[in-house]
Amino acid sequence: MKTSEPIKVIPARYPLRIVGAVVALLVLAIVIQSVAFNPRWEWSVFARWFFDPVILEGLGQTLLLTLLGTVLSVIFGGLLALARLSSSWLLSSLAWGYIWLFRSLPLIVVLIILYNFSYLYDTLAIGIPFTGITWASYDTINVLGQFSTAVVGLTLVQSAYTAEIIRGGFLGVDHGQYEAAAALGLPASRRTLRIILPQALRTILPSGFNEIISLAKGTAMVYVLAMPELFYTIQMIYNRTQEVIPLLMVGAVWYLVITSVLSLIQHLVERWMARSERRSAINSTRVARVAAPGRVAQPQEPVHAHLS
């Protein structure tokens, strides 16, 4: 009897992968050396200004604008998405027109127009159009200051993008889910919040967080309003000290920190949202394992064939 020899396993070799890794490490080392040891980057100036109270105050304004712009754009964008999905042609058309307009206009144009709004209209009034009936009137110059203009401009533009993201998430849910929820007799609000929205969030979250990150960087545009957020503060400092590169690096690193934190939050939220999928997969596996030993093969009845 011939004895079987053990099978010798030879791992696959990828020489091009090794060459690519070596080249990538070499390029990374060159970049690090050129940045870390080039005195013209002025890292001492960077270290002096990074935690300066003026910079931190501008950073606080940037974070506040990002927070308010995100919350308001989610609320307003959600309403726009529902209007786009409405069976009313009027609501759908108005929502489409709003989204088309503010997705077409650059943010900086919207901010400049809003900042000069008091030149176009002296007062903002609440009343019945084409009549002299007015219930309340406010001076425009007292309503839209620097901060309020920045918040309104960011919200108006960001809501248009958020509305399309939310609408795409709702359209991504299978139509049978709507029919099943309606068959159970659930009201429309409960169908949307309890059944459709949790499923749509899996599609909405990745794109939504990308828009939040874009909004955090887009707050730099409010420098045209002479508002002391992070970028405008840095700009004012390097105009005075002529230390342009190290101060720009201060802003770049702070924006990297903001986007990294937002990316981490996105990862944690998506991981938390995926709990239901993992739980259902584990439960189905357990049920299959429990049911398998209990299955008893049914004996087949003998079949007699009659040959003629």
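Everything discussed here concerns the structure shown above.
Residues numbered from 1 in each chain as written. Predicted model: local features only at pLDDT ≥ 70, side-chain atom pairs only at ≥ 80, totals over all residues. Heavy atoms only, no water.

Novice: Help me understand the packing of helix α4 (residues 89-104) against helix α8 (residues 146-171) in this model?
Specialist: For any two helices packed against each other, one specifies the inter-axial angle together with the distance between the axes. α8 packs onto α4 with a crossing angle of 120° between their chain directions and a minimal axis gap of 8 Å. With respect to α8, the axis of α4 lies oblique. Handedness of the crossing formed by α4 with α8: left-handed. Of α8, the residues touching α4 (which contributes Y98, I99, F102 and R103) are T155, L156, V157, S159, A160, Y161, A163 and E164. Within the contact of α4 with α8, the residues separate by chemical class into 8 nonpolar, 2 polar and 2 charged. (Axes fitted to C-alpha atoms, helices over the stretch in contact; angles between N-to-C directions. Helix = DSSP H or I, 4+ residues; strand = E, 2+ residues; numbered from the N terminus. Parallel < 35°, antiparallel > 145°, perpendicular 65-115°, else oblique. Left-handed = near helix turned anticlockwise from the far one by under 90°. Contact = heavy atoms within 4.5 Å. Nonpolar A, V, L, I, M, F, W, Y, C, P; charged D, E, K, R; others polar.)

Novice: What's the story with the packing of helix α3 (residues 53-84) against helix α12 (residues 244-273) in this structure? I'm lost.
Specialist: Between α3 and α12, the shortest axis-to-axis distance is 12 Å and the interhelical angle comes to 40°. Of the possible angle classes, the one that applies to α3 and α12 is oblique. For the pair α3 and α12, the sense of crossing is right-handed. Contacts between α3 and α12 involve I55, L56, L59, T62 and L63 from the former and V250, W254, Y255 and I258 from the latter. When the residues that make up the contact of α3 with α12 are grouped by side-chain class, the tally is 8 nonpolar, 1 polar and no charged.

Novice: I keep staring at the pattern of salt bridges and nothing clicks. Help me out?
Specialist: Pairing is possible between side chains of opposite charge, provided their charged atoms come close. Under the counting rule described, the total for this entry stands at 4 salt bridges. Ionic pairing is found between E164 and R103, a salt bridge with its closest N-O pair at 3.6 Å. Note that E164 is positioned in helix α8 and R103 in helix α4, a separation of 61 residues in sequence. In this structure R103 comes out as partly exposed when scored by relative accessible area, which is 42%. (Salt bridge = Lys/Arg side-chain N within 4 Å of Asp/Glu carboxyl O. Buried < 20%, exposed > 50% of the residue type's maximum accessible area, 1.4 Å probe, protein only.)

Any link to function would need more than the numbers given here.
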